[in-house]
Structure formats: C-alpha cells, structure tokens
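Understanding the architecture of this molecule
Below, each chain spelled out in residue letters.
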Protein chains: 6
Amino acid sequence: MQPRDTTAPPRILVINPNASRAVTDAIDAALAPLRLPGGPVLAVTDLPEGPESIATQQDADSVVLPLVRRVADDPSDAFVIACFSDPGLHAVREAARGRPVMGIAEWGILRALTLGERFGIVALSEGSVRRQRRMVRQMGVGDRYAGSRPMEARASETADAAMGPRLIAAGRALVERDGADVVVLGCAGMARHRAAVASAIGCPVIEPCQQAAAAALGAVLLQTAP
Amino acid sequence: MQPRDTTAPPRILVINPNASRAVTDAIDAALAPLRLPGGPVLAVTDLPEGPESIATQQDADSVVLPLVRRVADDPSDAFVIACFSDPGLHAVREAARGRPVMGIAEWGILRALTLGERFGIVALSEGSVRRQRRMVRQMGVGDRYAGSRPMEARASETADAAMGPRLIAAGRALVERDGADVVVLGCAGMARHRAAVASAIGCPVIEPCQQAAAAALGAVLLQTAP
Amino acid sequence: MQPRDTTAPPRILVINPNASRAVTDAIDAALAPLRLPGGPVLAVTDLPEGPESIATQQDADSVVLPLVRRVADDPSDAFVIACFSDPGLHAVREAARGRPVMGIAEWGILRALTLGERFGIVALSEGSVRRQRRMVRQMGVGDRYAGSRPMEARASETADAAMGPRLIAAGRALVERDGADVVVLGCAGMARHRAAVASAIGCPVIEPCQQAAAAALGAVLLQTAP
Amino acid sequence: MQPRDTTAPPRILVINPNASRAVTDAIDAALAPLRLPGGPVLAVTDLPEGPESIATQQDADSVVLPLVRRVADDPSDAFVIACFSDPGLHAVREAARGRPVMGIAEWGILRALTLGERFGIVALSEGSVRRQRRMVRQMGVGDRYAGSRPMEARASETADAAMGPRLIAAGRALVERDGADVVVLGCAGMARHRAAVASAIGCPVIEPCQQAAAAALGAVLLQTAP
Amino acid sequence: MQPRDTTAPPRILVINPNASRAVTDAIDAALAPLRLPGGPVLAVTDLPEGPESIATQQDADSVVLPLVRRVADDPSDAFVIACFSDPGLHAVREAARGRPVMGIAEWGILRALTLGERFGIVALSEGSVRRQRRMVRQMGVGDRYAGSRPMEARASETADAAMGPRLIAAGRALVERDGADVVVLGCAGMARHRAAVASAIGCPVIEPCQQAAAAALGAVLLQTAP
Amino acid sequence: MQPRDTTAPPRILVINPNASRAVTDAIDAALAPLRLPGGPVLAVTDLPEGPESIATQQDADSVVLPLVRRVADDPSDAFVIACFSDPGLHAVREAARGRPVMGIAEWGILRALTLGERFGIVALSEGSVRRQRRMVRQMGVGDRYAGSRPMEARASETADAAMGPRLIAAGRALVERDGADVVVLGCAGMARHRAAVASAIGCPVIEPCQQAAAAALGAVLLQTAP
C-alpha cells in the first residue's frame, strides 16, 4: 500500500462493488452534501471485477476477495462498501488494519433504529429478502425488524425514474401491512427517490449510502482526536 | 422559537443536562475534531435547571421537561442530549418537530455494534447499571450486550485524572469476565481517558458524546440533500 | 411524609395521572371487587397537575415529577400508577423507599402472559402504539407480543359508551390479523367495556387497573408475613 | 364435579403435588397473610398420588394426570399448583374450564420482573436448573434471566432450618457472579427462610407460593366484577 | 429391560403415541427409504394406552408415563416419539438412560432451519397452534418462526386423501401471509401429501417423522464410533 | 456437470476447504461408522485452492468461490462443507441447485440443541470466537448459546494428540464458568478426541463433521421417498 499524503485532508473511498456506472454516479451524487470545503474527500469508485448487478448470494460472495485486495492496497483513511448485502464486511475490516470500514446495510439499519420503533426494508428481489433476514439476525436487531418487501428489480435499474412507483408500493406495504414506521432503501443508487417515497408513505425513509458515508466522515474526523 | 439565520452554517446544540461546568468543558473539548471550517457549528451548553450529577432515575427524569422546553425554544438545527441516560429522548424528539435529536447512549451503543461482537458499558454506579439494562432492552440490542460494570463515581468526577485506573479496571472486567470486545464509556466527560483505556484493555473504546455529535453532523449535512 | 396510623388497615393509593374526573371515577368503580371488609383500603385520586389526557411522550413525562412528589409525601402502603404509559414507574419506585409501586401496563401485560400465548394491546392512538412497543421491549417480553392496534381516541373519552364498538374492532383485528389470543385494554377507565369486548372477540380481555390493584393488594398483605 | 355453595366466600385450592406433609404445612403457613375475614378461603392440600419429592422430569410429569383429575372434580373457584416445575399447568387449565389456575414458578418469576432487572432462581438441584431453563424460555422472559444455581437438596428438606445457609450461598452467587438483582426461591416450602436470605444477600427475595396464591386471590375477587 | 442381541443390527423404535392404526401405517411407509440392507432396523409401533387422537394438552400429557414405561422396558437402541407435540420428550430421555430419543417436532423444525430463513407449521387445530408456540419458544428458535396455521382436523384423519387441499391452503397462507419460506407438516402420518404440498406452494415441505427417524439413524450409527 | 450413474448408490461429497491432508484424513476416519454396505458413498476431499488453515474471516471467504465451482461441477447427490466457519454455505446452496448442502457448524449446533439446554463451542482461536458469535446469531439460536472458548490452535494441529488437554481445558471452562451442558468441537478433524473430552468434562461432546454427514445421509436417503 502506498502511503497517504498526511498533509492532505482525510480520504474516504466508497466502493460500489458492482460494475454499473449508473449506480456509481447515483451514489456519487447522493454524497454531495457530505463534502465540506477543506473537509474529508469522499471518492466513489466501481469495482471493475464486480458483476453487473448483485442479485444472488454468489454475486455477493464473488466480490469479497476483490474488495479485500482493493482495500488492502488503497491508502484511503476509511471505506464504505456500497452494496446492501454488505459483502465481505468482516473480511475487509481485517484487511483495513484498523481503518474504519462501513457497510451501507449496517448503517442504514442503525440510523433507522433512531427514527422509528420498527424498520422495514425495500428489497430488490425475493432473494435479497432472504439475505436481509440473515443479516438482520446476524446484527442482533431482529426485535426492531418489521420485514422486507421485494420490488423484483435489478440493482442496475435502481436509478431509473420508473423505480419510484415500485418503491412507493413496497414502502407502503411495509408500513400498512407489516407495521414499519421507518423504511430503509435496500439498495445503493436510489437516493433520488428517497424524498418522494417518504412523502408518499408518510414516514422517514433512509438512503443507506448517505448514512454509511456520514458515519465514515465522523470516524475519520474523530481519529484525529487525542 | 426565534428563526435561525439560514445564511449561517447549520448549528448543532449539545446539551449537558447536569449543571457540572467541568463536564460541559470536557464535552466541548472532545468535540473539537468535528468542527470544520465553514461546517456546522457545534455548541455545548449546560442545562441550568439540571442537578449537579445524574445518579438516580429521579435525577434523569427531572431534566426531561427542561430539555423539552430548551429544545422547543432553540433555533438550532439538531440536538445532542449529552447524558448517558438519554433522558427524555423521545419527548425531546416530539418537541424538536422533525429536527434530529441524538442520544449519547444510543449512538455510543450503535457505533459499538460496528466495532465488535459484544459491547460492554462502564457505568458510573450500580444504579446506572440497572438503567442501562433497561435502555439496552428498550433499544432491542440485548443480544449484543456483554453487560455493564460500575465504577461507583459521580458524573462530576468523570473528568478527573484519577478516574483513569477505575475506568481501566471496569473495562478490563468487561473484557475478561463478561466477554466484551468493545467498550462504551457510560458517561459524558470522560473523553480524555478514552485512548488510555483502549490501550490498556486491548479493544476499541467509544466516547459516546463524540459519536452522537458525529451522527448529528451527518444528519444536518444530509438534510440539505434534495 | 406523615406517618400512617398502623392500627388501621393497609392503604393502597391508585393515582390517575391525568386530570379527567370521569376516568378517575371509572377506575374507582372498577376496583370495587377488590375491597374486602377489614381488608386494605383502595383509594383512587386524580393528579391535579396532570394533563387532561396523556397522548404524547411529553404528556407522559410531564407527570413524573408530580407523581414522585405525591408518592414521597403520601403515607400509603402501596401505589398504583393508573396510566397505561406507566409514567415514571422507576423514579416513583425510588421515591417510595421500598413500598410497592405497580404500573398498570406492567401488570396488565404480566397477567396476559398467564392467559394466552400472545397478547395484543388496544391502544388509544398511533402514538401510544409506539410507546407500547418501547415498553414491551423494555420489559423483555416481546416474544409474547402480537402487537398493538390503535383506536384513535383520547383518554378522557375512554369511559364513553361509544367506545365499545371501537374497542371491539381493534380487539378483533389483534386476534384475527395479528394472532393474539389474549387482549389488554391499553388505557385506564375502560373497565365497563371489558366483558362485552371479551364476549365479542372470543378471548380473554384484561382491564389493567384491576390487575395492578390486585397485585398491590397481594403485596401489602404479604408485607405482614414474617 | 359437585357444585360449590355460592353463598359461601370463594375458595382457592392450593395443591402441593408431592406427598410431603412438611412441605404442605410450610405452604399453608406461608399463605396466612392472604386470609382475610370474610374473604376467599385458601385451602392447601397434598396430592396423595404424588412422589415424596419432585426431582426429575419424570417426577414432574407423573403428577399431571392426578392434578387434572383433582381439579376437574373439585368445586373450588381457583387453583394453585404449588411445585416450582409448574407440572401440568396447561393441561390443568384445560381441565379447569375457565377457572383460574396459577403456577408458582410462573408467578414467582412474573413478580420478580417488577422488583429488579434480572432475576435469578435458587434451584433444588442441577436437574431442576435444566427444567428451569426450559421453563424460562417457554415463558419468553429469557432476556430478564440471570440464571439458576442449584443447592442439591430434595424438596422434602426445604423446610428444614439447615437449608438457610445453602439458600444464602446460592442466592449470593446469583447476585455476585450472575448479576441477578432479585432472587426467586425455586421450590415450595421455603417461605420461612425468605426474609433471612433477602437480608443476607441484599436484594428482594420472592417466595413463589405466596405470589401465586396472591394472584389467585386477585383473580377470584375480580371474577365477581361485572 | 431385556438385553438386546448385540450381534443383530441396531434397532430404532418409532412410537406413535396415539392408537390410530392408520397413522402408524402411514408412518411406517414414510420411513421405508431409511431402511438399508444390513442397516439399523426401524420398527414402528402404536402405544395401546394412547388416545385415538392427540388434540389437547391433556391428550399429550396422558401418554407421557406410558411412553416412559415403554422406553424403559424396551431394548431398542434409539427411540422416536412420533407425535408433533413431542409428548414427554425430556422425561423419556431420562428413562432412556443415554440412548437417543428424538422428537418429531424437534427434528422437523431443526431440519427446517437448514432449508429456509423462516419456517411455518401446518397445525391440526387452533389448540395445536398454541402448543406449537410454546414449543418453539422452549426450543429457543422463535426468531426463525413465521407462525402456525390450523387445518381443524383430527390426527386420525391425517392420512386421508381429502387432507391434501386443506394442507395446501394452510401452507399457502404460511408462505403468502406469514412470510414462511419452508413449511413443516405439524402432525405424523401426512407423508403421502408432502410432495404435492411442496409443489403447490413452491417451497420445501418437511415431513417430521422422516427427519426424526433419519436423526435416530445417524445417532445409532455414530454410537459405534470410537 | 457430468451426470451421475443413477444405478450406483447415492454419493455424498465431504469437502475439507483447507489444504491440510491430516485434517482430511481425520475427517474421513470419523465418518467410517456412517458407511453402510450398499448405502450411500461418503467421499472426503481436500479443496486444493484452500489455505493451510482457516483462521481469519479472509481465509474463510477465500474458499467460497472454489467451493461454489467444485459443487457446481460435481455430480454428487449431497455435500458437506467441513469447516466450522461454514464458509459459503448459502452461495454453495445456490450452486447445488436443490441438492442438499450441509454445514458442520450448523449441524453440530442443531444436534447440540437436542442433547442439552445450553451449548458451548470449543474454538480454535479468539478470532474464531467472534465468527462463531456472528454465526450463532445468524442461525437465531443465541438463546441456547453458553459461549465459545478459544484454544489458540491452528486447524492443521487439530488432529494432534497434544490437543487433548487443551480441548478438555476449554470444554471444562464452558461447563463450569459459562453454564454449558453440551459442548461442540468447533473445528473439523478433532473426532479422535471426542470421547475423551466427554468423559473428562462429564457432558455430551459433539463432533460436527459426523453430524453434518449423518444429516446428509438422511437427506439423500429421503430424496428417494415418493
């Protein structure tokens, strides 16, 4: 790993582990409010080795070693894994040797715990629902989980304008049928829909890349504390 | 509530609900790394109506209405309740009418979930241990909780240099006897001891005011997102 | 605190922390079966400082210090806090210095655990649902909780005859949609509807003031045991 | 079942399902404070078919059908099963056709939930510990359970004066090693030791027969409510 | 207990604790695939003392002592209790003195944990639902439980061809309304319907006698390991 | 994938995902009791791409894609992943297209649930303890988990005779300090120590490869059921 120039501001690398440029661009735009003059740099990148879309457990597991290598070799001060499966979160933490590594599912869910009593997740597909159930149990926050509802979309579609109504329908079902009072968008790249979904379903809606990047921002700033 | 000058940067008000000036000053110093040029303002204040130290449930409950009034009347963009009992968290959220309100226990614990598998809390006293058990259950994260260990100190003592060995002893017991692999300082004002305790006990140690203030920072920045 | 006349029978003070006289009268009537000749006295009182109805978390928190003062100054042998938010339960216990203090939500729920496998709660409003979810988690009995259903009523309305159909509708939804097999009335003052709701929905229905007062009765009697 | 004389006060039958007369007598004495002039009758009886002591799961299961027959044939208004295994609780409830049936483990534990954050149980033997773990999980209150500690005694010994030091040793281990702040005596017939154990270990100690009988008292009184 | 001829292959005794010959025959047929040449013998028997159908908790408890006696007296190497209430599982284990005793509910549920994220159970009746809720809590696997749905049948009907549509309807409700992704048949004797139900509802369906017998097969084989 | 000869008996492939031949041989020997004349074939293989020992999360994640490819290409009827991290369990299940895939941690733990009330795990190292905690939470069986105790060994050492005392020491601590009443060996290749550890610590000890292979045996036999 090449050493980082310590006179420069801290740098956070947000890695979209799929190869969809549209998703990467959408993530980049969503993080604009977190970029302060003179503050930490927030860079967003693709993972060239990643699949077009992460739909299966195999897709998610296929990006773990590329993520590990990328983080091990990169001089950034903190990392965000910008896929809602949080692929390789614990292996990447080992590779980061103490530098913060934030998962977007993890932070989308943690932020939800402070905005409502029971969170729901809008999932891309039925397969994602099953991964999310495992993740929520692994986090140990199942007592706060209202459930996940699938939209049956692919990750690369998530920035499309046409996603709006499907997001709203799934979000509404989470609130009305499952008793959610806060909803997490269960995919990267859907930030542009966040406000409209929140307005339509009448409860807070969380964009998880923003939450993980904000957490990384706090972590790099606090690392300069004595 | 007087309107805030919207041409100024966003403002976060951190309220120490006890009346100990030493604790307020220690909190203020701990938040320095989060103050960026041109970024959100982080102000720290006492609650004059608060007790000298919050040791009992009555102490904690006694500051709820003063906190509610303070937040209702204050034009800040976000608030941190800087007492590890998170007194009045949900009532203050009602009073804040949508502005973020962060509790330090809440955020100290949430951050711990990302740094280890089981968190322990160093508590001021045996009475605090019981409140923390209720709080952890209420948050729904008990499956990740190794326990709390008391130091038998008062909140106003927490910035004293003499606290170091007591913090280390309690932290070590959490790791060695209770199986914690990350420790949260269960009181405001102990930031100066954080690094030394972490070094002594060999696992991450979290200062909760820093975490709640970092979360408030992220929240106010993201509120400018479309 | 003035000393109690120990030649008199023990005295239990039931405090309705809102200022609705109709609710107080309904509670008083509901406790009649627990008054035995020569047995403990069951007195019911308003809390003059209380709001007309406890609808928000602020309402609930606003009565904590008045309850604390009332109990600290009163010579009764045991206390019941007769509001389903169990406001100030733990602070009042500190103030009671060992005398039993019973919450109606607490005891309504505990009794439910002995009458069915999964309990549901009829809530006054959506805001009460959220408080009840926190309370159930804090009690650590969430594995037995089918959920809460709101009626959108105010506490002061609860003794009205017109409440019956709304109670039955909410109770039926708890049974048929949420899988409850026992229902707790989530408010004081609804005792007159209990039997009719139970008959309509076909499962046990619990009036929580009666349960908390019965628990206080047992506690004061047992305190005379060696 | 012969009809009960409804002009008489209600009657609660407390059944000690083992055949130890010493235990039955100790239970009878422990319930004296709950007997009010003109109030419900509290009768205590052996189960002649029961074993001398209930030590194994087979012992516990062996009394279920005798308890079912006894309750089905008895005209009492409520029943207490006075063995800490709560043998046959759900079968006996079926046989009681709506009349209250209270288990002493159940009510000892429920009362503990109102006196501390984490309850411990003093068990007769290691085998009882395993049954208690199953029972606590079945009740769904495991988040409040500090654990059980065995004394290695037989039920018929429990009224002996010599039991005191063993109870205190087990109770102290529950508090000091397991983090209990309230202790339940996990056997019938130990009421005479309750106050001394509480005094020695410095936290509330619960005698479960008293709690179940008090609950039955409340239930029969409330059944006369409209 | 008469000694077993140790030159013969190990023997597993599957006990149907009700007296329905049709159910016993259906169990026997379902286990055919587990019978290997030279491998362990799988014998299936009625319990003559058992009721025609196990519908209530009293029915379930009534077979415990007969099961205990049967197992204590029988020289088989392992036992399966082939009723979905797992009656007497822990008492029979005591009586088996170390020989494996498998419950069909237990093993149907454990196998389900490996085939999906959330299991549902098709129950005979509403009363069975309540017993299943207690059993799932006692096993400590409630976080994986989607729920039970009753068919309102008697155990002796379960081998009837007419049961198919009722099984499919209940299974479909578990999947579509309760979020199950694997379904357990909550009764012995329904193996002939398993494949058709799985095909109709589109997720794995588990026949519990087969799972418990397979587990007993593994256990007796492994007992010959050094 | 080449088609399997369906006239041959079913075949179960047990894959040791590390490259230690000693571990593979130890697994092979441990499965001998499950090989019946004419019954399913149990083959054990290395994963040549695997590391010498799986000690870190990166080690575990590094074998997922090789396991996926191996299983996708292999005509066996069922698979066992013979590493206690259960690496890639869900991705491999996708790749197996309906053929059973069993994890050894999963089945070691499930079998433990039938032999005691609280299971403990002997772990290779402190790092394994953390992975086990995540795995137990993900399985949703944390209410039955007494904890893990590390031996600080490498997987390739596990078949050494010298491991015996370290296994016994860790097992004893699980029983005496953590309250376990059944212990799972948290690594493949330790079967030769199982009986001695069980004898030394006085409770059942489970070898997880045997349990997963037994489960696979049952699954392939039952797939021939109608």
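What you see is a predicted model, and the numbers here were worked out from it, not measured in a lab.

Topic: the overall build of chain A
If you tally the helices and strands in chain A, you get nine helices and eight strands. Here chain A has a C-alpha radius of gyration of 17 Å; the compact-globule value for 226 residues is 17 Å, and the two agree. Principal-axis analysis of the C-alpha atoms places the extent of chain A at approximately 50 × 35 × 35 Å. Looking at chain A residue by residue over its 226 residues, the buried ones come to 68%. Long-range contacts, defined here as pairs at least 24 residues apart, represent 70% of the contacts in chain A between residues at least 6 apart.

Considering the interface of chain E and chain A
Reports often express the size of an interface as the amount of accessible area lost when the parts come together. The interface of chain E with chain A comprises eight residues on the first partner and four residues on the second. For the pair chain E and chain A, the summed buried surface comes to about 550 Å²; carbon and sulfur atoms form 38% of the total. Scanning the region where chain E abuts chain A turns up four salt bridges. For Arg-134 of chain A, the salt bridge identified is with Glu-117 of chain E, shortest N-O distance 2.7 Å. Our count for the contact surface shared by chain E and chain A stands at four residue pairs in polar contact (both at pLDDT 80 or more). For the side of chain E that touches chain A, the residue count by class is one nonpolar, two polar and five charged.

Overview of the relation of the copies chain F and chain E
Between chain F and chain E, which share one sequence, the superposing operator has a rotation angle of 180° and an axial displacement of 0.0 Å; the RMSD is 0.0 Å. Taken together, the rotation and translation relating the two chain copies correspond to the operation of a two-fold axis. The C-alpha atom lying nearest the rotation axis in chain F is that of Val-141 of chain F; the distance is 2.8 Å. Same-surface contact between copies: 100% of interface residues of chain F are shared with the interface of chain E.

A closer look at the sheet that holds strand S3 (residues 78-81) of chain F
Residue and element names in this part refer to chain F. If you trace the four strands from one edge of the open sheet to the other, you get S2-S1-S3-S4, paired in parallel fashion. Each edge of the sheet is formed by a strand with only one pairing partner; in this case those strands are strand S2 (41-46) and strand S4 (101-103). In this sheet, neighbouring strand axes are inclined to one another by 20° on average, regardless of whether the strands run parallel or antiparallel. Pairing of S3 with S4 involves three bridges; the strand directions are parallel. Along S4, the bridge assignment pairs Val-80 with Met-102. The strands touched by helix H3 (residues 64-73) within the sheet are strand S1 (11-16), S2 and S3, with S1 carrying the most contacts at an inclination of about 165°.

Looking at a negative patch on the surface
On the surface, Asp-143 of chain A, Asp-143 of chain B, Asp-143 of chain C, Asp-143 of chain D, Asp-143 of chain E together with Asp-143 of chain F cluster together into a negatively charged patch. Relative to the helices and strands, Asp-143 of chain A is located in the loop between helix H6 (126-139) and strand S6 (145-150). The class of Asp-143 of chain A is partly exposed, set by a relative accessible area of 42%.

Details of the domain arrangement of chain A
All names here are of chain A. Along its sequence, chain A is organised into domain 1 (11-103 + 210-224) and domain 2 (105-207). Of note, the centres of domain 1 and domain 2, computed from C-alpha atoms alone, are 20 Å apart. With 26 residues of domain 1 in contact, the opposing surface of domain 2 contributes 27 residues. When domain 1 packs against domain 2, the two sides together hide about 2000 Å² of surface, and 56% of this comes from carbon and sulfur. Sorting the residues of domain 1 by area buried against domain 2 places Phe-84, Gln-210 and Gln-211 first, and these three jointly supply 34% of that buried surface. Between the two partners, domain 1 and domain 2, sit one salt bridge.

Here we look at the packing of helix H5 (residues 104-112) of chain F against helix H9 (residues 208-222) of chain F
Residue and element names in this part refer to chain F. At a closest axis distance of 7 Å, the pairing of H5 and H9 adopts a crossing angle of 90°. Relative to H9, the element H5 lies roughly perpendicular. Along the contact surface, H5 presents Ile-104, Trp-107, Gly-108 and Arg-111, while H9 presents Pro-208, Cys-209, Gln-211, Ala-212 and Ala-215.

Side note on the pairing of strand S5 (residues 119-123) of chain C
Residue and element names in this part refer to chain C. The buried count for S5 comes to five of five residues, which makes it a mostly enclosed element. Where burial is concerned, the two faces of S5 agree: the one with Phe-119, Ile-121 and Ala-123 and the one with Gly-120 and Val-122 are both buried. Where S5 and strand S6 (residues 145-150) come together, five bridges link them in parallel fashion. Bridged to Ala-123 within S6 is Pro-150. Crossover handedness for the path S5 to helix H6 (residues 126-139) to S6: right-handed. Pairing analysis gives four bridges linking S5 to strand S7 (residues 182-185), with the strands arranged parallel. Paired with Gly-120 across the bridge in S7 is Val-183.

Topic: the interface of chain F and chain E
Each partner contributes to the interface: chain F provides 36 residues, whereas chain E provides 36 residues. Across the interface of chain F and chain E, roughly 2600 Å² is buried in total on both sides, 68% from carbon and sulfur atoms. On the surface where chain F and chain E come into contact, there are zero salt bridges. Where chain F touches chain E, the interface holds four residue pairs in polar contact (both at pLDDT 80 or more). Mapped by element, the contributors of at least two residues to the side of chain F that touches chain E are helix H4 (89-95), H5, helix H6 (126-139), helix H8 (194-201) and H9 of chain F. At eight residues, the largest contribution of residues to the side of chain F that touches chain E is made by H9 of chain F. Its residues assigned to classes, the side of chain F that touches chain E comprises 20 nonpolar, nine polar and seven charged.

Here's the deal with the pairing of strand S2 (residues 41-46) of chain B
Side chains on a regular strand alternate between the two faces of the sheet. Counting buried positions along S2 of chain B yields five of six residues, so the element is predominantly enclosed. Handedness of the crossover joining strand S1 (residues 11-16) of chain B and S2 of chain B through helix H1 (residues 21-30) of chain B is recorded here as right-handed.

Points about unusual backbone geometry
Residues and elements named next belong to chain A. Of note in this structure, Arg-97 is not a glycine but carries a positive phi near 40°. Secondary-structure assignment places Arg-97 in the loop between helix H4 (89-95) and strand S4 (101-103). For Arg-97, a relative accessible area of 55% puts it in the exposed group.

Notes on the relation of the copies chain E and chain A
Of the two same-sequence chains, chain E is brought onto chain A (RMSD 0.0 Å, axial shift 0.0 Å) by a rotation of 120°. Such a combination of rotation and displacement between the chain copies is what one expects of a three-fold axis. In terms of proximity to the rotation axis, the leading residue of chain E is Asp-143 of chain E, whose C-alpha is 5.0 Å off the axis.

A closer look at the sheet that holds S7 of chain C
All names here are of chain C. Taking strand neighbours across the sheet as the criterion, the four strands line up as S6-S5-S7-S8 in an open arrangement whose pairing is parallel. Sheet topology places S6 and strand S8 (205-206) at the edges, where each strand pairs with a single neighbour. On the sheet, helix H7 (residues 163-176) packs against S5, S6 and S7 and is oriented at approximately 150° with respect to S5.

Observations regarding the arrangement of the chains
Separated without contact, chain B and chain E have their nearest C-alpha atoms at a distance of 12 Å. Nothing in chain C touches chain F; the tightest C-alpha to C-alpha distance between them is still 12 Å.

Let's talk about the pattern of salt bridges
Scanning the model with the defined rule gives 66 salt bridges over all chains in all. Across the pair Arg-137 of chain E and Glu-117 of chain C runs a salt bridge whose closest N-O atoms are separated by 2.6 Å. Pair noted here: Arg-137 of chain E is in helix H6 (residues 126-139) and Glu-117 of chain C is in the loop between helix H5 (104-112) and S5, and the two residues belong to different chains. Each member of the pair, Arg-137 of chain E as well as Glu-117 of chain C, carries the same accessibility label: buried. Ionic contacts of the salt-bridge type, sharing partners, join the residues Arg-11, Arg-70 and Asp-74 of chain A into one network.

Section: helix H3 (residues 64-73) of chain D
For H3 of chain D, the complete set of buried residues consists of Val-64, Pro-66, Leu-67, Val-68 and Val-71 of chain D. Packed against the buried residues of H3 of chain D are strand S1 (11-16), helix H2 (57-62), strand S3 (78-81) and helix H4 (89-95) of chain D together with helix H2 (57-62) of chain E.

Considerations on the environment of Glu-52 of chain E
All names here are of chain E. Mapped onto the fold, Glu-52 is located in the loop between strand S2 (41-46) and H2. Judged by relative accessible area, which is 43%, Glu-52 ranks as partly exposed. A sequence separation of 81 residues divides Glu-52 from Arg-133, and the C-alpha atoms of the two residues are 23 Å apart.

Rules and cut-offs
- Residues numbered from 1 in each chain as written.
- Chains lettered and ligands numbered in written order.
- Predicted model: local features only at pLDDT ≥ 70, side-chain atom pairs only at ≥ 80, totals over all residues.
- Heavy atoms only, no water.
- Helix = DSSP H or I, 4+ residues; strand = E, 2+ residues; numbered from the N terminus.
- Rg over C-alpha atoms; globule rule 2.2 N^0.38 Å.
- Buried < 20%, exposed > 50% of the residue type's maximum accessible area, 1.4 Å probe, protein only.
- Contact = heavy atoms within 4.5 Å.
- Buried area = accessible area lost by both parts, 1.4 Å probe.
- Salt bridge = Lys/Arg side-chain N within 4 Å of Asp/Glu carboxyl O.
- Polar contact = N/O pair within 3.5 Å; in protein donor to acceptor, adjacent residues only side chain to side chain.
- Nonpolar A, V, L, I, M, F, W, Y, C, P; charged D, E, K, R; others polar.
- Least-squares fit on C-alpha atoms with pLDDT ≥ 70 in both.
- Pairing = 2+ DSSP bridges.
- Axes fitted to C-alpha atoms, helices over the stretch in contact; angles between N-to-C directions.
- Patch = residues over 30% accessible without salt bridge, like charges linked within 9 Å, V, L, I, M, F, W, Y side chains within 5 Å.
- Areas by Shrake-Rupley, 256 points an atom, 1.4 Å probe, with all protein chains shown as cover.
- Lys, Arg positive; Asp, Glu negative; His and termini not counted.
- Charge placed at Lys NZ, Arg CZ, Asp CG, Glu CD.
- Domains from an automatic or database assignment.
- Parallel < 35°, antiparallel > 145°, perpendicular 65-115°, else oblique.
- Right-handed = clockwise from strand over helix to strand, strands pointing away.

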